[in-house]
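# Structural overview
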Amino acid sequence: MTPTERAVREVRQAAFELNATDHKQALRMLNEALKLQPGHADLLGDLATLHLQAGRHRQCIQAAREALAAKPEHDDSAFALALSLDAVGEADEARELFLELTEGARAERFASQPELVDLCRSKLLQIEAASAARPAPAAADPLEQADATPKVYVPLLTRPDALGQLLDETEGVRALTLDCFDTILWRHTDHPTDVFYDMQRRPAFKAAGIDATMRQKGEFFARQLQLVRTGRTEVTLDQIYLAARPGLSREMLAWLAEDELAAEMNACHALPGAVRLLREARTRGLPVTIVSDTYFDAPRLRRLLEHALPADASAAIGEIVVSCEHGMCKEQGLFKLAQLNQLGNSPAILHVGDNKAADFTAPRAVAMSATHLLHENEQGQQRRRMAANVVALFDPSVRQQRPLHMPYRPVHASHGHQSGTPQASIGHDSLGPLMHAFAAWIDEEAAALAATRSQVKLVFLMRDAYLPLQTYRAIGGACTAYSAHISRFSAYAASFRTQEDVDQYLANFSRNLSLPMIARQLLLSPQRTALLVEQAEASATPLQTFLRGVRQAHVLAEIVTASAAHRERLRRYLERETGMQPGDTLVLVDLGYAGTIQRVLGPTFSQDWKVEVLGRYLLAVGAVDEGFKGLLDRSWLDERALKIVQTYIGLLETLTSTDGASTVGYADDGSPVFETDSAQDGQSAMVEPIQAESLRFAREAQAYFRAARRLPPATVLRDEALGSLGRLLFFPNAMELAHLANFTLEINLGSGVARKLFDIDAGLEGLRRHGLFYMRSAHGGGRMALPAELRAAGLELSTAMLAHARFGMPMVQTDWSTRSEPLLAVIPRGDRTMHAEIVATATHDGYFSALVPLANGEGNVGLAFGRDYGWIQLHSAEIVPLAAMTEEADVMAQLLHAGIKDHGHGLLEFEGTDSLLMLPAGANPISGKAALRLVFRPIARRA
């Protein structure tokens, strides 16, 4: 496809989608494109179609004729031309075109659109009938007649948020038919069958011994049996239950149906836009019919609608037509069979639904008008699939004991089409559901605490809880919310009350931090730090010497005194920011994870300040109680699931934090003192648009749930929160990966150390050299979002890594693949030559890694690639130390070629079976035990 063709295709697609909400803008888009590509048949044909839909038949005729002049076989333009000619009274020319499309030169091509062929035949019959009844007056001006012809215009598509205004965009509509599920009624589950997992817990299903799996199998077999008997697949609930459990009594069948209806009532709510549409139809006096492909009979479906809809909207519904009562679905002819109202099937009846085949193509095939209710685009559907996979992996009870909830589906369907940028994809579609669910849960928790405590204050900890705080305010949280700059560094600095506190800190961190960093955290003066570090470095055991120095009585006294002063400044800060006073309950809100700040400051809050301190976190790792909880915690997820999220949470911290640096202390007046943080300052411009998109989603979601009169509880919202977080961490899409590639994360505790989150190129290098297990070694480079590197390389790798970590699956390198390649090593030993068969193991991208031991650390080894290969691509050659912790050495430049042609980029041609690739003696710069690692990709093997 040429760039011009691609551009035309994109314009046409954009105009088609835009036409649902802004018809005039869609016309302008096509006209502008035609200025650049004059006479383009597809653009002219689309223009003709838009004029036809709006009833502008003169313009349609002109555009269609121009399209056919440019491309005579443009059958869609011939179809549009025929309809407009018929509308303006040019029956003879219209008849000729309809005949061409059904029986003539265009028929074979046009047969691929059977619903339009049927419409052409219907039009032919109407023309013949009109001709027989009354000949057209010879003197009449057909274009003047068009003005008297009733016009019908409906948009081809709409979205859930625009559904309530749909009738304002139409002309000539005299009756309305509506699909039910995913049009009027929306479930808070990912899939309709998820409702069965609620159903299986209800009394009738327990009594009948029918669980969710049997319910699904019963429906499948009932449809297969109906297909054998009637050639169609529509079935009733009774048929489904009897297929699952033959011999059930009539009383049991009725009980089961009532419990299934109750489960649907629990899962369904009415789309606010559908409620507005029903009310508007009633105001305009338009009859409304529900046409649904469902196993519910009409009375039960009416009860379900009445349960979910406000009374005035429900009153707008007249007849209900369901497929199970007629034995056929919409695509099989339900619209024609139903005889919907006194108008018969005509363009003046508008049908609206979400299924393109059943709700758009099928009604148009019987001459009705139709508007397709769009849901998520392909990107949104992929996002939901990946999120569902994450939830199923993390919580095995999903689709075993309980449904998978996806309560934000209608919000995504309404606004997800605006996610064409990486900022929107990351912020709106991923962070948005996570932050909204967290904020809604915090509001639930605050309300529960306020019922038993007099003064509850939410304190969002900066920097990481910046976006959660903004989200809480955006959704109108009921509890007073404050922000407080308390880092782990500043919390520890305030916690050193006794030698035990210091010892606990040293036990946790002395092995992981440098000596100056430890001294800084202990609030030691620069002079004391320099002395202790100097003494440690002069010792044979630096760390132990340093620890002994710190634990000296006079040094401990310095630490405790400095910590007490820091603690007093922290108290002043909290009093200034939150009005903290004795008797308060402060709820610390943060991303998580072990509640370090809450834990280390707990004694100070309770003993010194007489304040109760609780923690509410997005992710809480560890035992859960009233004082320590998380939206994602052990009340429903196991410890291993929580730990794997915690391991790779760095990306989330980067996206939710405020611009600026980490808190390292407080001034005497209580104002915070910040560390310089160039990493965060440099990327704030990238973070802010993502946060803005996340807040946009939160406002949209809250507005939607309020309009729907149903805010799902946190136990429902948290499924999609987990799925959104896990998908972003483990299964980001290509657009998101490209945007996040340059993000870094500052390590807290005042370290000032920033690391790159991930590096796709380095990840591919690691995979090619070491396979999936590069993540376990130093080859991961300390990067904190390694799953993103695997996702870029392939879904199978990120899935395998996630499953391995999630379930603790024991795996080593040799387990990964059974593929291997032979390699003959030739090793000179004085006047003898030794041969050794080396096995090269598969890594990634078709590469194999061979490890050739070097005797006594020497070089002088040859690899007889020519024996087995005609061509290979050599990726790398390195000396790998087998004992000492020294760097690997690149020896690509030292390799000698014998009988080999080097074609560049590592592409080597072996001229004969005796061709050798050699590492000469003296080329190994590493002392001690070592091996030569060759990474290569076979291109052509010997016959």
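Nothing here was measured: the structure is a model prediction, and the numbers come from that model.

### Here's the deal with the packing of helix α21 (residues 378-394) against helix α35 (residues 714-730)
For any two helices packed against each other, the geometry comes down to the angle between their axes and how far apart the axes lie. Taken N-terminus to C-terminus, the directions of α21 and α35 make an angle of 105 degrees; their axes are 8 Å apart at the nearest point. Between α21 and α35, the angle is such that the two are roughly perpendicular. Of the residues in α35, those in contact with R383, M386, A387, V390, V391 and F394 of α21 are D719, L722, G723, S724, G726, R727 and F730. By residue class, the composition of the contact of α21 with α35 is 7 nonpolar, 3 polar and 3 charged.

### Details of the sheet that holds strand β9 (residues 456-462)
Spatial ordering of the open sheet is given by β10-β9-β11-β12-β13, a layout of 5 strands whose pairing is parallel. A strand with exactly one partner marks an edge of an open sheet, and here the two such strands are β10 (481-485) and β13 (628-632). Across the sheet, the mean angle from the axis of one strand to that of its neighbour is 30 degrees, orientation sign disregarded. Pairing of strand β12 (residues 612-620) with β13, which is carried by 4 bridges, proceeds in the parallel orientation.

### A closer look at the pairing of strand β26 (residues 907-910)
A one-sided burial pattern is seen for β26, the buried positions being L908 and F910 and the unburied ones L907 and E909. Where strand β22 (residues 869-881) meets β26, 3 bridges bridge the pair, whose relative direction is antiparallel. Each bridged residue has a counterpart across the sheet, and for I872 the counterpart in β26 is L908. Relative to β26, strand β25 (residues 900-902) is paired through 3 bridges, and the arrangement is antiparallel. Bridging from a neighbouring strand, K901 pairs with E909 of β26. The turn linking β25 back onto β26 is made up of 4 residues, and G904 within it adopts a positive phi angle of 85 degrees.

### Side note on the environment of Q499
Positionally, Q499 belongs in helix α26 (residues 499-509). In this structure Q499 comes out as partly exposed when scored by relative accessible area, which is 35%. Linking Q499 and L374, residues 125 residues apart in sequence, is a C-alpha distance of 65 Å.

### Some thoughts on the confidence of the model for the protein
Here the protein shows a mean pLDDT of 88. Residues at 70 or above account for 92%. Every residue in residues 134-149 scores below 50 in pLDDT, and together they form 13 contacts with partners more than four places removed in sequence or on other chains.

### Brief notes about a nonpolar patch on the surface
On the surface, a nonpolar cluster with roughly 310 Å² of combined accessible area is contributed by F220, F221 and L225. For F221, a relative accessible area of 46% gives the class partly exposed.

### Looking at the pairing of strand β11 (residues 585-593)
Among the 9 residues that make up β11, 8 are buried, leaving the element largely enclosed by the rest of the structure. Of the pairings in the sheet, the one linking β9 to β11 comprises 5 bridges and is parallel in character. Bridge pairing in β11 links L458 to V587. Since β11 and β12 lie parallel, the crossover through helix α31 (residues 596-608) that links them has a hand, and here it is right-handed.

### Re helix α30 (residues 553-578)
Taking 1.5 Å of rise per residue, 26 residues should cover 38 Å, and α30 covers 37 Å from first to last C-alpha, within 8% of that figure. The set of residues buried in α30 consists of V555, L556, I559, S563, H566, R567, R569, L570, Y573, L574 and T578. Just downstream of α30, G579 is the residue with a positive phi angle, here 70 degrees.

### A few points about the sheet that holds strand β7 (residues 349-353)
Strand pairing within a sheet occurs via backbone hydrogen bonds; the two strands may be parallel or antiparallel. Strand order in the open sheet formed by 6 strands is β1-β8-β7-β2-β5-β6, with parallel pairing between adjacent strands. Two strands lie at the open edges of the sheet, namely β1 (157-158) and β6 (317-322), each paired on one side alone. In this structure, β7 lies alongside strand β8 (residues 369-373), joined through 4 bridges in parallel fashion. The residue of β8 that forms the bridge with G353 is H372. Those strands touched by helix α15 (residues 272-284) are β2 (175-178), β5 (288-292) and β6, and its axis lies near 155 degrees from that of β2. Packing against the sheet, helix α20 (residues 356-365) makes contact with β7 and β8, and its axis sits at approximately 165 degrees to β8.

### Examining unusual backbone geometry
For the bond from M462 to R463, the omega torsion is 25 degrees, close enough to zero to count as cis. Within the secondary structure, R463 is located in the loop between β9 and α24 (466-474). Of the consecutive residues G592 and Y593, the connecting peptide bond is found in the cis state with omega at 20 degrees. Mapped onto the fold, Y593 is located in strand β11. Non-glycine residue R709 carries a positive phi angle of around 60 degrees. Mapped onto the elements, R709 comes out in the loop between α34 (678-707) and α35.

### A look at the state of the cysteines
In total, this model carries 0 disulfides according to the counting rule given. Left without a disulfide partner, C180 is nearest to the cysteine sulfur of C268, which lies 7.3 Å away. The buried category is assigned to C268, whose relative accessible area is 2%.

### Looking at the side chain of D46
As for its position among the elements, D46 is in helix α3 (residues 41-53). According to the relative accessible area criterion, D46 is buried, its value standing at 18%. Once residues lying within four places of it in the same chain are set aside, the contact partners of D46 are R12 and L30.

### Regarding the packing of aromatic side chains
For any pair of aromatic rings, geometry is given as the distance between the ring centres together with the angle between the planes. Across all of its chains, the model carries 22 aromatic pairs by this definition. For the pair Y648 and F730, a centre-to-centre distance of 5.9 Å together with 85 degrees between the ring planes defines the contact as edge-to-face. Taken together, the positions of Y648 in the loop between α32 (639-647) and α33 (650-656) and F730 in helix α35 put the pair 82 residues apart, joining distant regions of the chain. Taken as a pair, Y648 and F730 share a single burial class, namely buried. Here the aromatic rings of Y869 and F936 are separated by 5.9 Å at their centres, their planes lie at 65 degrees, and the arrangement is edge-to-face. Taken together, the residues Y869 in strand β22 and F936 in strand β28 (residues 930-941) connect sequence positions 67 residues apart. The pair formed by Y869 and F936 is uniform in burial state, with each residue classed as buried.

### A look at the environment of A701
Position of A701 among the secondary structure elements: in helix α34. Considering only alpha carbons, one finds A701 and Q813, 112 residues apart in sequence, at a separation of 45 Å. When sequence neighbours within four positions are dropped, the list of residues in contact with A701 reads Y408, V411 and H436.

Criteria and thresholds
Residues numbered from 1 in each chain as written. Predicted model: local features only at pLDDT ≥ 70, side-chain atom pairs only at ≥ 80, totals over all residues. Heavy atoms only, no water. Axes fitted to C-alpha atoms, helices over the stretch in contact; angles between N-to-C directions. Helix = DSSP H or I, 4+ residues; strand = E, 2+ residues; numbered from the N terminus. Parallel < 35°, antiparallel > 145°, perpendicular 65-115°, else oblique. Contact = heavy atoms within 4.5 Å. Nonpolar A, V, L, I, M, F, W, Y, C, P; charged D, E, K, R; others polar. Pairing = 2+ DSSP bridges. Buried < 20%, exposed > 50% of the residue type's maximum accessible area, 1.4 Å probe, protein only. pLDDT = per-residue confidence, 0-100. Patch = residues over 30% accessible without salt bridge, like charges linked within 9 Å, V, L, I, M, F, W, Y side chains within 5 Å. Areas by Shrake-Rupley, 256 points an atom, 1.4 Å probe, with all protein chains shown as cover. Salt bridge = Lys/Arg side-chain N within 4 Å of Asp/Glu carboxyl O. Right-handed = clockwise from strand over helix to strand, strands pointing away. Expected span 1.5 Å × (residues − 1). Disulfide = S-S within 2.5 Å. Phe/Tyr/Trp six-rings, centres within 6.5 Å; stacked < 30°, edge-to-face > 60°.

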